[in-house]
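# Remarks on the overall topology
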Amino acid sequence: MTHSGIEVTAGLVRELLREQHPDLADRPVRLGARGWDNQVWRLGDDLAVRLPWATADADALVRKEHTWVPGLAAGLPLPVPVPQRIGEPSERFPRPWIVTTWVPGTPADRAPATRAGAAADGLAAFLSALHRPAPEDAPAGRNGRDGPLTGHPDGFARMLASAVGLGLVPDPDAVRAVWEDAVAAPAWAGPAVWLHADLHPANVLTGDGAFCGVIDFGDLCAGDPACDLATAWMLLPDGAVERFHRAYRPGADEATRRRARGWAVLKSLACLLIGEAGVRGRPGGKPTWGPPALAALEQLTASVRRAG
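A brief look at the structure comes next. (Residues numbered from 1 in each chain as written. Predicted model: local features only at pLDDT ≥ 70, side-chain atom pairs only at ≥ 80, totals over all residues. Heavy atoms only, no water.)

## Examining the overall build of the protein chain
When you go through the protein chain residue by residue, the secondary structure sums to ten helices and ten strands. Once the C-alpha set of the protein chain is aligned to its principal axes, its extents read approximately 65 × 40 × 35 Å. Counting every position in the protein chain, which comprises 308 residues, the buried fraction comes to 53%. Side-chain charges in the protein chain split into 32 positive and 35 negative, and the spacing between the mean points of these groups amounts to 3 Å. (Helix = DSSP H or I, 4+ residues; strand = E, 2+ residues; numbered from the N terminus. Buried < 20%, exposed > 50% of the residue type's maximum accessible area, 1.4 Å probe, protein only. Lys, Arg positive; Asp, Glu negative; His and termini not counted. Charge placed at Lys NZ, Arg CZ, Asp CG, Glu CD.)

Structure representation (structure tokens):
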């Protein structure tokens, strides 16, 4: 349900198209996915309708995608949903919505990458292309993702305590050690680069064991590349992270890698808790998010345990 109390159905999607984009209204409509902020409805074989669903700020995220993603998409080596049309708020549906291209594939939280080399190279190529200097009027990030890692001590402490209390983290001291090392690393001194800023496994698609698409650019912003580089631990099979770093251009220095590990810890804890909420049947929970988050924490803390 949206905040207006209007249920999103195939019939509603078709009515909205008939009112504002009638040339698309006769295409088959079927549910594609219900995400954190939006619902996605398939529109024929090659398009999708993306409608704000559960969060108050989803309207701004939809407009952000419509404004910025088309200009970025052409330079990216993996397919992304490219906005084609925008729908304005109306009596039928009081929020903006967009029509995008449809990107085929299976989210990595349901079908993890298995071809380690191809996955590492593909992810590195995508982020190398995305992480170009952003213009001064680039959109701001949500929840501090465009700012320094040092701005998140309370969130880290709260999530770690929750995860430990639920018995989800076997070695909290090792997790804390990775975090403390990350926040002690020198800050990013380069230009603010374009960030996807929400690269968890549900937003990266796989096919034939490697990555075949990246979706949900609602959190697009500019900042420290470490925020996105964190995804290497969350997406890649064990042992592939070093290959990813060798392939990423222009390369990440040791301080950036340390900050990236901190971002990976922060995001993994969030996904772990969302996964546990799904296991317990709570609203907003995603049970498939837990296993990749736990695997990421295992990779991140392994070196700390060896040193200890």
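## Considerations on the pattern of salt bridges
For the structure on display, the rule yields 21 salt bridges. Ionic pairing is found between Glu88 and Arg63, a salt bridge with its closest N-O pair at 2.7 Å. Taken together, the residues Glu88 in the loop between β4 (83–87) and β5 (97–101) and Arg63 in helix α2 (residues 58–73) connect sequence positions 25 residues apart. A salt bridge links Arg258 to Asp181; the nearest nitrogen and oxygen atoms lie 3.2 Å apart. (Salt bridge = Lys/Arg side-chain N within 4 Å of Asp/Glu carboxyl O.)

## Here's the deal with the sheet that holds strand β1 (residues 29–34)
On the basis of which strands lie adjacent, the open sheet formed by five strands has the order β1-β2-β3-β5-β4 and antiparallel pairing. With one partner strand each, in any of the chains shown, β1 and β4 form the two edges of the open sheet. Averaged over neighbouring strand pairs, the angle between their axes works out to 25 degrees when direction is ignored. Pairing analysis gives five bridges linking β1 to strand β2 (residues 38–43), with the strands arranged antiparallel. Paired with Leu31 across the bridge in β2 is Trp41. In this fold α2 packs onto β2, β3 (47–52), β4 and β5, with an angle of close to 140 degrees to the strand it touches most, β4. (Pairing = 2+ DSSP bridges. Axes fitted to C-alpha atoms, helices over the stretch in contact; angles between N-to-C directions. Contact = heavy atoms within 4.5 Å.)

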